Structure formats: C-alpha cells, structure tokens
Amino acid sequence: MKQRKPKPQGLAYKRLPRRALILGGLQTAFIGGLAARMRFMQVDQADEYRLLAEENRINIRLIPPTRGRIYDRNGQIIGQNSPSYRIVIVREDAGDIDSVIAKLSDLIPLTGDEIERAKTEMRRSAPFLPVTLADQVTWEDISKVAVNAPALPGVTPEVGMTRQYPRYEDFAHVVGYVGPVSDYDLSQIEDPEPVLRIPRFQIGKVGLEAKQEISLRGKAGAKRVEVNATGRVMRELDRQEGLAGADLQLSVDADLQQYAQARLAGESAAAVVIDCETGDIRAISSAPSFDPNLFVRGISVADYQMLTQDKYRPLANKTVQGTYPPGSTFKMITAMAALEAGVISPSSTVYCPGYLKVGSRRFHCWKRGGHGSVDLETSLKRSCDVYYYDVALRVGIDKISEMANTFGLGVKHDIPMSAVAAGLAPNQEWKQRVHGQDWLVGDTANASIGQGFMLASPLQLAVMTARLATGRAVKPRLVRSVNGVEQPSGAGEPLAVNRNNLEQVRKAMFSVSNSRRGTAYRSRIITDDFRMAGKTGTSQVRNITKAERAAGVIRNEDLPWERRDHALFVSFAPYDNPKYAVAVVVEHGGGGSKAAAPVARDIMLQALYDGTPPLEAYPAGDRDRIKEQQKRLEGDRRPKARPDEKDRA
Amino acid sequence: MSYLEYAVKSTPSGFRKFLYMNWPLTLLLISVASAGFLMLYSVAGGSWMPWAEPQMERFGLGLTVMFIIALVPIWFWRNMSVVAYLGSIGLLIVVELFGTIGMGAQRWIDLGFMRLQPSEVMKISLVMVLAAYYDWLPAHKTSRPLWVIIPVLLILFPTFMVLKQPDLGTSILLLAAGGGLMFLAGVHWAYFAAVIAAGVGLIATVFNSRGTEWQLLKDYQFRRIDTFLDPSTDPLGAGYHITQSKIALGSGGWNGRGFMEGTQSRLNFLPEKHTDFIFTTLAEEFGFVGGITLLILYGLILIFCMVTALSTKDRFSSLVTLGIALNFFLFFAVNMSMVMGLAPVVGVPLPMVSYGGSAMLVLMAAFGIVQSAHIHRPR
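Owing to the predicted nature of the structure, the values given are computational and were not obtained by experimental measurement. (Residues numbered from 1 in each chain as written. Chains lettered and ligands numbered in written order. Predicted model: local features only at pLDDT ≥ 70, side-chain atom pairs only at ≥ 80, totals over all residues. Heavy atoms only, no water.)

**Quick word on the overall build of chain B**
- The helix and strand inventory of chain B stands at 15 helices and three strands.
- Taken over 379 residues, chain B has a buried fraction of 58%.
- Summarising the internal contacts of chain B: among those between residues at least 6 apart in sequence, 73% fall at separations of at least 24.
- As presented, chain B carries roughly 15000 Å² of accessible surface, and 71% of it is formed by carbon and sulfur atoms. (Helix = DSSP H or I, 4+ residues; strand = E, 2+ residues; numbered from the N terminus. Buried < 20%, exposed > 50% of the residue type's maximum accessible area, 1.4 Å probe, protein only. Contact = heavy atoms within 4.5 Å. Areas by Shrake-Rupley, 256 points an atom, 1.4 Å probe, with all protein chains shown as cover.)

**Examining the environment of A:T319**
Residues and elements named next belong to chain A.
- By the secondary structure assignment, T319 is in the loop between α13 (301-309) and α14 (331-341).
- Considered as a pair, T319 and L393 are 74 residues apart in the sequence and their alpha carbons are 31 Å apart.
- Setting aside its immediate chain neighbours within four residues, T319 contacts A270, A271, V272, I284, S285, S286, M417, S457, P458 and L459.
- There is a polar contact of 2.6 Å between the side chain of T319 and the side chain of N317. (Polar contact = N/O pair within 3.5 Å; in protein donor to acceptor, adjacent residues only side chain to side chain.)

**Quick notes on the pattern of salt bridges**
All names here are of chain A.
- Summed over all chains, the structure comprises 41 salt bridges over all chains.
- The salt bridge partner of E209 is R67, with a shortest N-O separation of 2.9 Å. Here the residue E209 occupies a position in helix α9 (residues 207-211), and R67 occupies one in the loop between β1 (58-63) and β2 (70-71), the gap between them amounting to 142 residues. The residues E209 and R67 share a single accessibility class, namely buried.
- For the salt bridge of D602 with R263, the shortest nitrogen-to-oxygen distance reads 2.8 Å. Placement of the pair is D602 in helix α23 (residues 592-609) and R263 in helix α11 (residues 254-264), with a sequence separation of 339 residues. (Salt bridge = Lys/Arg side-chain N within 4 Å of Asp/Glu carboxyl O.)

**Focus: the packing of aromatic side chains**
- Tallied over the full model, the rule gives 32 aromatic pairs over all chains.
- Here B:F328 and B:F332 contribute two aromatic rings whose centre-to-centre distance is 5.9 Å and whose plane-to-plane angle is 70°, an arrangement assigned as edge-to-face. Linking B:F328 with B:F332, this pair stays in helix α14 (residues 315-339), spanning four residues, or about one helical turn.
- An angle of 80° between the planes, with centres 5.6 Å apart, marks the rings of B:F329 and B:F332 as edge-to-face. Placement of the pair is B:F329 and B:F332 together in helix α14, with a separation of three residues, close to one helical turn.
- For B:F332, a relative accessible area of 0% gives the class buried.
- Each residue in the set A:F30, B:Y298, B:F328, B:F329, B:F332 and B:F367 is aromatic and connected to the rest through ring pairs, giving one cluster.
- For the cation-ring pair, A:R19 lies above B:F183, with the distance from its terminal atom to the ring centre recorded as 4.5 Å.
- Its end group placed over the ring of A:Y575, A:R506 keeps NZ or CZ at 5.6 Å from the ring centre. (Phe/Tyr/Trp six-rings, centres within 6.5 Å; stacked < 30°, edge-to-face > 60°. Lys NZ or Arg CZ within 6 Å of the ring centre and 35° of its normal.)

**A short note on the pairing of strand β8 (residues 221-227) of chain A**
All names here are of chain A.
- Burial analysis of β8 places five of its seven residues in the buried class, the great majority of the element.
- As paired elements, β1 and β8 share six bridges and run antiparallel to each other. Across the sheet, I58 pairs through a bridge with E226, a residue of β8.
- The sheet contact formed by β8 and strand β9 (residues 233-240) spans six bridges and is antiparallel. Pairing of K223 across the sheet is with R239, part of β9.
- Here β8 folds back onto β9 in antiparallel fashion, the turn holding five residues, of which G231 has a positive phi close to 95°. (Pairing = 2+ DSSP bridges.)

**Topic: the interface of chain B and chain A**
- Listed by partner, the interface residues are 66 residues for chain B and 43 residues for chain A.
- Interface of chain B and chain A: buried area, both sides summed, is about 4700 Å²; carbon and sulfur atoms make up 67% of it.
- At the boundary of chain B with chain A, the tally comes to two salt bridges.
- A:E226 is paired through a salt bridge with B:R266; the nearest N and O atoms lie 3.6 Å apart.
- Counting the contacts that link chain B with chain A gives 10 residue pairs in polar contact (both at pLDDT 80 or more).
- Residue contributions to the side of chain B that touches chain A peak at 11 residues, all from helix α13 (residues 278-311) of chain B.
- The residue inventory of the side of chain B that touches chain A, partitioned by class, reads 37 nonpolar, 21 polar and eight charged. (Buried area = accessible area lost by both parts, 1.4 Å probe. Nonpolar A, V, L, I, M, F, W, Y, C, P; charged D, E, K, R; others polar.)

**Here's the deal with the packing of α14(A) against helix α16 (residues 385-395) of chain A**
Residue and element names in this part refer to chain A.
- The geometry of α14 relative to α16 is characterised by a closest axis approach of 10 Å and an angle of 45° between their N-to-C directions. The orientation of α14 with respect to α16, classified from their angle, is oblique. Crossing geometry of α14 relative to α16 is assigned as left-handed. In this structure, α14 uses K331, T334, A335, A337, A338 and A341 to contact α16, whose residues at the interface are D385, Y388, V391, A392 and V395.
- A per-class count over the contact of α14 with α16 returns eight nonpolar, one polar and two charged. (Axes fitted to C-alpha atoms, helices over the stretch in contact; angles between N-to-C directions. Parallel < 35°, antiparallel > 145°, perpendicular 65-115°, else oblique. Left-handed = near helix turned anticlockwise from the far one by under 90°.)

**As for unusual backbone geometry**
Residues and elements named next belong to chain A.
- Note the cis peptide between A287 and P288, where omega equals -10°.
- By secondary structure assignment, the location of P288 is in the loop between β12 (281-287) and α12 (292-297).
- With phi around 55°, S383 is a residue other than glycine that occupies positive phi space.
- With respect to the element layout, S383 can be found in the loop between α15 (376-381) and α16.
- The phi dihedral of N483 is positive, around 50°, even though this residue is not glycine.
- Relative to the helices and strands, N483 is located in the loop between β17 (479-482) and β18 (485-486).

**Section: the sheet that holds β1(A)**
Residue and element names in this part refer to chain A.
- Here we have three strands laid out as an open sheet, ordered β1-β8-β9, and antiparallel in their pairing. Strand pairing shows two members of the sheet lacking a second neighbour, β1 and β9, which therefore form its edges. If you compare each strand with its neighbour and ignore which way they point, the axes differ by 30° on average.
- Helix α2 (residues 46-57) contacts β1, β8 and β9 of the sheet and is inclined by roughly 40° relative to β1.

**Section: the environment of B:V353**
Residues and elements named next belong to chain B.
- On the secondary structure map, V353 appears in the loop between α14 and α15 (357-375).
- For V353, a relative accessible area of 1% translates into the label buried.
- Along the sequence, V353 and V94 sit 259 residues apart, while their C-alpha atoms lie 28 Å from each other.
- If sequence neighbours within four positions are ignored, V353 has contacts with V32, G36, L40, Q55, I278, L294 and Y298.

**Quick look at the sheet that holds strand β11 (residues 269-275) of chain A**
Residues and elements named next belong to chain A.
- Read from one edge to the other, the open sheet built from five strands follows the order β12-β11-β21-β20-β19, with strand pairing classed as antiparallel. Of all the strands in the sheet, just β12 and β19 (533-539) have a single pairing partner and so form its edges. Within the sheet, the average angular offset between the axes of one strand and its neighbour, ignoring direction, is 5°.
- As judged from the seven bridges shared by β19 and strand β20 (residues 566-573), these two strands associate in the antiparallel manner. The residue of β20 that forms the bridge with K535 is V570.

**Some points on the domain arrangement of chain A**
All names here are of chain A.
- Segmenting chain A into domains produces domain 1 (55-76 + 167-249), domain 2 (84-90 + 98-164) and domain 3 (254-291 + 316-637).
- Each of domain 1 and domain 2 has a C-alpha centre, and the two are 24 Å apart.
- Counting each side, the surface lost to burial between domain 1 and domain 2 is near 730 Å², with a carbon and sulfur contribution of 40%.
- Three residues stand out in domain 1 for area buried against domain 2, namely R200, Q202 and R232, and they jointly supply 57% of the buried area on that side. (Domains from an automatic or database assignment.)

**Structural notes on the state of the cysteines**
- Tallying each qualifying case throughout the model produces zero disulfides over all chains.
- Here A:C352 stays unpaired: no disulfide links it, and the sulfur of A:C384, its closest cysteine neighbor, is 3.7 Å away. (Disulfide = S-S within 2.5 Å.)

**Some words on the confidence of the model for chain B**
- Per-residue pLDDT for chain B has a mean of 85; in total, 90% of the residues score no lower than 70.
- Below a pLDDT of 50 lies the segment residues 1-6 of chain B, which in the model reaches 15 contacts outside its immediate sequence neighbourhood of four places, other chains included. (pLDDT = per-residue confidence, 0-100.)

**Thoughts on a nonpolar patch on the surface**
All names here are of chain B.
- On the surface, I93, V94, L97 and F98 cluster together into a nonpolar patch covering about 400 Å² of accessible area.
- Here L97 is to be found in helix α5 (residues 74-98).
- On the accessibility criterion, L97 (57% relative accessible area) is exposed. (Patch = residues over 30% accessible without salt bridge, like charges linked within 9 Å, V, L, I, M, F, W, Y side chains within 5 Å.)

**Quick word on the packing of α14(A) against helix α21 (residues 499-514) of chain A**
All names here are of chain A.
- Look at α14 against α21: their axes get within 10 Å of each other, and the N-to-C directions meet at 150°. By the angle between their axes, α14 is roughly antiparallel relative to α21. By crossing handedness, the relation of α14 to α21 is classed as right-handed. Between α14 and α21, the contacting residues are M332, A335, M336, L339 and E340 on the first element and N501, L502, V505 and M509 on the second.
- Class assignment for the residues of the contact of α14 with α21 results in seven nonpolar, one polar and one charged.

As structure tokens, then:
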C-alpha cells in the first residue's frame with residue numbers, strides 16, 4: 001500500500017472542526033425552520049387545510065326528482081314518465097373510438113351530426129364519463145346493441161325517464177308538454193334551482209306542465225360522493241332522497257275530452273264542458289290539435305312548419321287563448337242588465353221593424369222583415385237584435401259591462417293553462433283609455449248583441465252559462481287534486497242578482513232549444529230528464545258594407561273561409577237541475593244554430609249519459625243520421641297504433 | 001508517525017471491520033428506508049407493487065454496495081476520486097449525447113436493469129474530488145486565488161452540464177455542495193461573500209433575461225418560480241401541485257389521517273406522490289408527529305456523520321464525510337421546503353424515501369464511503 005505522509009496540522013486544517021460546527025449550526029437552524037413550518041401548517045392551520053381537502057374530495061351530485069304524473073278525473077293516465085333508451089359510449093373502455101363507432105353505425109342508424117357532436121364531447125370530457133351517441137333509440141336498436149355487446153367495447157345502452165303523453169292530441173292544449181331546459185328558460189327564471197342545470201332535464205314548456213311546474217317537478221335529492229382528482233366517483237358517502245313531483249288529478253274526463261276532440265275534428269273549433277255544481281272542467285277541447293310527444297323529443301323542422309302553416313292554427317289553444325265576439329250568446333247579459341236596472345220587465349215589449357235607427361244610422365236585425373212585437377222570451381228564442389239595441393240604449397254600456405263581469409266575461413279566470421285570455425267587456429272608461437275616443441251610442445248597440453269590441457273565450461262563455469244556470473259565481477277548476485289532496489271547489493257564492501230575473505232569462509233560454517220557433521229547436525234533447533236550455537250565436541268577423549247590403553246579403557257559404565261568421569252555442573242541462581254547461585265555438589262555421597248547436601248537444605248528451613247516449617235522446621228525424629255519426633266517431637276514437645308505439649312494445 | 005504505521009497498528013482487519021462500522025448510522029438508514037417502504041405501500045393503495053417491492057430490492061442492493069465499499073480502506077477511495085470525477089463527467093457527456101428523454105429533460109442512461117442518472121453520481125464524485133484536492137493541497141495555499149480557481153472550475157463544469165439537461169434542482173444542489181465543501185476546507189470567507197454578492201447579481205440577470213433571446217432558464221422553470229412566488233395565480237395549472245401538496249400536508253393535522261387514509265394522495269390530488277411529494281403523503285397520513293419523526297431521523301443521520309468526521313484525523317475522511325452529509329441535508333431540506341411551499345418545485349426527491357433507484361444506490365454508496373472512513377479512521 002502506498003505510503004502516506006501525515007499532513008501538517010495547522011492553519012486551515014484547524015479551521016475544519018470550526019467550519020463544520022458553523023455549517024452544522026446552519027443545518028440545525030434550517031431543520032428547526034422546517035419543523036416550525038410543519039407545526040404551523042399541521043397544527044395551527046390544520047382545520048383550514050382539512051376543509052380544503054374535504055372540498056377536494058367530496059362532490060355533491062343531484063338526484064333528479066321523478067316528475068309528477070297527471071291523471072284524468074277517473075284515474076286514467078294523461079302524462080307519465082316512460083323509460084327512454086339511449087346509447088352511450090365511454091372513451092376509456094372503447095379503445096379505438098372510430099372503429100367502434102363505425103361498427104355501431106352498421107347496426108343502428110347514426111347521423112353524421114350525432115357522431116361529430118359525440119366526438120367533440122368526448123374530447124372535452126374525462127375519459128371515464130359516458131357520452132350519449134344516440135338518444136330516443138327504439139327497443140329494437142337497443143336489442144341489436146345488446147346482442148353485439150362483445151364487439152362494441154365501451155358502448156352501453158342506458159335507460160332514462162322521459163315524459164310521455166299516452167292520449168296524444170287529446171290533451172295537447174290542456175297539459176301542454178315538457179322539453180329540455182334551454183338557456184332561454186334559465187334566463188327567465190330568477191335564481192334557478194341547481195337541478196335545472198342537469199343536461200336534458202325536462203321542464204314544462206306550455207300549458208299545465210309549465211303552470212304547475214314547481215309542484216310537478218318535486219325537489220331534487222342529493223348524494224355526496226367521493227371523487228378523485230380527475231373527477232371519477234370512487235364511492236357514495238351518503239344520500240338524501242329528493243321529493244318526487246306531486247301527482248295531479250285533473251277535473252277533465254279523458255273519455256269525454258276524447259269525444260269532444262273527435263266531434264270537433266275537421267273544424268277549427270273549441271268546446272268547453274263545465275260541471276255547474278263544482279266548476280270542474282269536464283272537457284276543454286281545441287281543434288285541430290297536435291301530438292305533444294313530438295315536442296318532448298324535439299320536433300323536426302318539417303313537422304313544426306306543418307303546424308305553424310296550417311290555417312286552422314293547431315298550436316293555438318282556442319278554448320282559453322282564442323277570443324271571439326260572443327254574438328247573440330251575449331244577449332242574456334244584456335237582458336240581465338236591463339232587468340236588474342229595472343228598465344224592462346219580462347213582459348214589456350219592443351216593436352221590431354227589422355232595424356233600429358240610432359241617430360242617422362240604421363242598426364239592422366238579422367231578420368230583414370223584423371220580428372214585430374217582441375218580449376223577453378221571444379227576443380231570446382228568436383234572437384231578435386232590435387229588442388237588445390233598444391233595451392241596451394236604455395240601460396247604458398256601463399251597466400251591461402258590469403253585468404258581463406259578474407258573469408265572468410272580461411275577467412281572467414284563474415286556471416293553470418297557458419295564455420289565458422281576459423277577453424273584453426268594454427265600457428266608456430275603457431274606450432277613452434285605450435282608444436282615446438268617446439263611447440258612442442252605436443257602440444252600445446253593437447255591444448248589446450255581443451259584437452263590436454266585445455270579446456270572450458269559449459271558457460268564459462261556458463263559465464257564463466254555468467253562472468246563468470246556477471245563479472252562483474261558478475269558478476272553473478282544472479286541477480281536482482294534488483297528490484290526493486282535494487283542491488277547493490269552484491261552486492262559488494250566489495250571485496248578487498235577482499233570482500226571479502235570472503229565472504226569466506233561463507226560461508227564455510229553455511225556449512231557444514225547446515220551443516218550435518226557437519233557433520236551436522233542431523238540436524234539442526228529447527229525454528225529459530235531460531232537457532237542455534241554450535242560446536245560439538253567430539258573430540260577424542267583417543263589416544257588411546253598404547254595397548253588399550244593396551246587392552243583397554251574400555250567403556255565408558259563398559264567402560272565403562276566413563270571412564265566414566263564427567258559429568257559437570252555449571247551453572246547460574238538465575234545465576231543472578243544471579249539471580253541465582257547454583260552450584262551443586266553431587271558427588268561421590256559419591250560423592250558430594246549424595254549426596255549433598248540434599256539436600254542443602252531442603257533447604252535452606255524451607256528458608249527461610257518461611258515454612254514448614241512446615238514440616232516443618235525439619229528435620226522431622235525426623236518429624238515422626246520428627247513428628251513422630256515432631258509428632263514425634266510435635271508429636275514430638279507437639286507440640290508434642302509432643309507429644313509435646309499435647317500436648316500444 | 002507515518003500513515004502506514006498507524007494504519008497497520010490501529011485499523012481493524014477482516015471480520016472485525018464490521019464491528020467498527022458506524023452502526024447507529026446504518027440503523028438510521030434502515031429506519032428511514034423502511035418509512036419509505038411503508039409510504040410506497042400506502043400510495044400504491046395498499047400494495048407492495050409497483051413501488052414498495054422494487055424499492056426494497058434496491059435498498060437491499062444498496063446495503064450490499066454500502067458494506068462492500070465500507071470494507072475497502074478509505075485511502076483507496078481517495079485515490080479513486082479523480083477517476084470517479086472524470087468518469088462522472090464522461091457519463092454526463094454520454095447522457096448529453098444519447099440520454100433518454102424523460103419529463104422534458106435528458107437525464108438517464110438506460111442500463112437495462114436500471115436507469116442511471118449521471119447527475120446523481122456526480123454529486124458524490126464532486127464531493128470526493130474536492131475532498132481529495134484539499135487533502136492534497138498544502139494548507140497555506142488554500143485561500144490563494146489560483147488554488148481557489150481550480151475547485152471552482154471543478155464545481156462549475158458539471159453544474160453547467162446538469163443545468164443543460166435541464167435539471168435546475170440538481171445543479172443548484174451541486175453548486176451548494178461544492179461551495180459548502182470549499183467552506184469546510186477553510187477557504188477564506190471573503191470569497192464566499194463575493195460569490196453571494198455575485199449570485200444575487202446573477203439572479204437579477206436571470207430574471208431580466210426573461211423573454212429575451214438569451215433567456216437563461218426554460219419557460220417552465222420561470223413558471224415554476226412564478227407559481228412559487230404566488231401559487232394562487234395559476235391554481236389549476238402549475239400552482240396546482242404546490243396548492244394540493246400544502247392541502248395534503250396541512251390536513252394531516254397533529255396525528256394524521258391514518259395509514260392509507262390520506263384522501264389527497266389516495267384520490268390522486270397529489271402529483272408525483274411516490275417520488276417528489278412522498279413526504280406530503282407521510283405528513284398527511286401520520287401528521288405532525290410522523291413528519292417531525294422523519295425530520296429527527298434525518299437530523300440524527302447528520303449528527304452521526306458529524307461524529308465520524310470529527311473523530312478522524314484524516315483530512316480526506318473528514319471532508320468527504322461532511323460533504324456527503326451536506327449533500328444529504330440539501331436533498332431533504334430542498335425537498336421538504338418544496339412540498340411545504342417554501343421553495344419552487346425543482347424536482348428533488350426525498351432521500352432514502354422517494355421511489356427511485358439510482359438516487360438511492362448512489363446515496364448508499366456514499367454512505368459506504370462514510371462507513372469506510374469510520375472503520376479506517378486513524379486513531
């Protein structure tokens with residue numbers, strides 16, 4: 001081994017232990033610093049850091065609530081939640097996405113758009129999150145995917161819940177429909193609930209679904225899950241169940257509704273049936289209608305255009321949203337106003353020469369030759385216009401308007417449907433306010449027969465009739481119970497009108513459909529127990545020009561559809577003990593007695609008999625025709641098999 | 001008295017060398033490494049694979065290497081210093097030319113059974129060559145400028161090589177260890193004052209170089225400094241690591257959340273939890289008590305090295321032991337500062353605990369030299 005000389009121990013050598021101690025001291029100080037820092041973080045600030053750690057790992061996930069179902073008054077389902085199938089793909093399980101998607105598109109139809117959208121979504125989201133490839137997939141396609149599962153790694157069928165309306169067109173206008181929450185919806189809601197931010201969460205868009213959204217939706221539950229840094233759920237810590245949406249029971253009778261809808265088919269029309277005792281709306285039909293399920297799925301542009309371009313306006317809910325000049329159906333109100341004001345008595349007469357001269361203008365009766373001497377009963381029975389011009393001018397518009405409000409015209413009824421119109425029962429103040437013009441006597445004459453400014457919806461006309469029938473302030477009720485809890489009845493308080501006056505008007509209405517010269521005699525009910533009282537109405541949608549008048553009255557049938565008169569009929573039955581009030585409006589249908597009264601009578605009978613009425617209820621001469629009609633409608637009403645129905649079966 | 005004489009007289013020989021080893025140091029190393037196995041088992045979700053078992057195998061290998069080196073007399077290692085240094089330089093050049101790219105840096109040579117990180121070897125070689133240099137240099141020349149330039153060059157050359165890889169953390173460690181050794185050797189303090197002043201100037205220059213064509217640091221290094229200075233500027237990007245690390249550490253509290261119960265590490269909020277951030281897992285699961293225990297173990301290792309250094313009369317032995325201890329200190333001090341948010345994330349593992357083969361092997365070899373100095377010390 002190499003010899004080594006000992007180094008002299010001096011100078012710098014002696015510094016070594018000293019320097020070593022200095023360096024050791026520095027190291028000790030640093031270690032002390034580290035310990036102090038550790039103590040500060042782990043002891044003094046431990047709680048704050050613990051909280052941050054919990055925030056990191058614990059995520060709160062919403063559990064969407066089950067939407068409440070909607071039933072008719074007899075428990076038939078109207079709006080339900082049915083399983084909807086979709087196909088999802090998980091990127092990390094799929095491996096080669098392109099080849100998997102290619103294989104999948106050989107099996108089931110996939111559009112290029114869907115694939116592109118799914119791919120973009122996949123690039124953006126974590127690899128373990130499922131991305132929807134196809135939505136609303138048929139059962140058949142789901143089976144195909146399930147059978148070929150081994151060849152399709154990462155592709156799984158998933159089942160979710162979607163709204164479904166098994167009565168299709170029948171309740172489209174009543175119940176409306178749901179759809180996925182849109183950005184616009186969110187912007188309309190102040191402080192939206194977090195559940196609304198769930199993608200594709202369905203909320204009510206129109207109708208009852210929208211108006212009762214809060215109770216139908218329920219409350220979302222929440223679960224606390226532990227997630228890792230990439231957001232993958234590791235386990236569920238605990239969960240708090242939400243509250244399912246409330247089940248709603250409507251006052252509507254689905255069978256009657258279906259009948260009304262079928263009876264109105266082919267017309268642009270509306271019919272409302274109200275239970276006089278409770279205010280329950282037994283049927284509220286607007287024709288034509290549409291299939292609300294189309295909107296749930298997302299309606300195609302072609303389908304939507306078909307609906308918007310139809311001149312019968314299937315998307316419009318004519319029962320509450322449509323307002324029409326009530327025409328002669330308003331005459332009961334004018335009569336009540338005059339009777340209450342004491343300007344007439346039931347027996348006082350007015351002479352009708354076929355017109356009434358107001359100032360320099362002639363107001364014509366529909367009957368050119370005039371009705372001669374007319375009392376209250378005759379005036380309603382034969383619908384004499386001059387009688388009402390005359391008494392209205394004596395009562396004044398303000399009293400008439402007030403009476404209209406008493407009977408529910410010009411007043412917005414509180415029912416949970418979309419775009420409920422208030423209609424219009426004008427008075428002097430209204431015209432001054434809105435048009436900035438003085439009220440003219442001519443306006444009063446027009447208003448007295450439900451023309452001019454006067455506007456009412458079919459619902460309002462039905463309510464008016466129910467109030468005439470019962471003398472009570474019947475309020476319409478659409479929702480009968482919420483989660484089994486009965487809602488307040490709409491029977492209403494007695495109206496502040498003289499019973500006797502009301503009785504006179506009702507008697508006159510009875511004559512309309514039961515007296516041989518009554519305008520609705522042809523649409524009477526024969527059954528003694530179910531005698532019907534009513535009133536026809538034919539409201540003009542155009543002014544008859546002098547030239548036209550000179551050329552002779554043009555027959556309605558000769559006019560283009562848009563310019564024909566609206567046909568109206570209001571009725572209640574049985575006369576002695578009113579059970580139902582029915583209002584029918586047929587847009588541009590022509591005369592009320594011909595176009596509206598038979599429809600109203602048929603619906604009324606259907607309601608009174610709670611099903612198809614016996615032919616004996618009809619006048620003998622009509623029975624053959626009615627039999628044919630019943631057979632035809634029966635055929636129409638048979639449950640229609642739909643293409644998508646077959647797919648799901 | 002010649003060195004040979006006292007060597008023959010007083011150094012143990014044969015099996016007796018084992019008895020003269022620095023056993024407390026050996027036991028401390030085994031304890032620290034065991035803590036590492038436990039943590040690696042925990043971060044793998046309660047599994048010996050993929051980290052704990054290979055780490056144990058490497059530690060076994062490291063222990064064997066340490067014993068072999070310990071049995072060889074210290075003067076052999078002194079004579080090998082220059083060879084080791086030149087060899088390390090050679091490896092650095094090889095890695096520069098053919099190294100494997102990992103984590104954006106050229107750092108490894110793939111030897112098949114393990115990945116060799118030449119910068120790790122350089123840490124020890126540098127200490128050895130400097131210790132040998134000051135052992136050879138007559139004491140009165142220590143502070144003469146010419147004799148100061150030589151060790152400075154010995155330090156700077158590998159430092160720049162490592163910086164080029166780029167591995168900022170290791171190059172700073174090299175610089176600090178080299179400087180520390182010169183300080184121990186007794187170089188006049190005025191040099192250090194001058195260097196520190198120059199260093200401040202250099203840092204200022206580096207920062208001014210940002211965004212210019214002669215930018216001295218990579219963008220990611222600048223960003224690391226930025227996030228260190230204010231982690232909140234980029235809470236989801238670069239600052240994420242530091243923030244999550246602090247949360248994990250702080251949430252451990254006094255007793256910790258329990259073995260394998262650390263949510264931050266178990267749920268992957270912690271980055272690099274088996275390497276650079278393993279101390280965070282330990283502090284999260286065993287709390288302040290666990291963290292301080294490890295710190296005390298580290299402190300004891302330093303103390304037993306100090307004992308060895310101060311009980312030997314051989315200058316090389318003292319210097320090399322203190323240099324290795326300093327290196328070891330710098331390792332864990334920088335790593336802990338980093339995970340506690342006191343220093344930028346520079347990628348320095350926790351010695352003996354972090355998963356990693358070459359760092360542990362090199363450290364064990366270095367402690368072998370310490371053991372050799374202890375066994376063969378002139379008494």
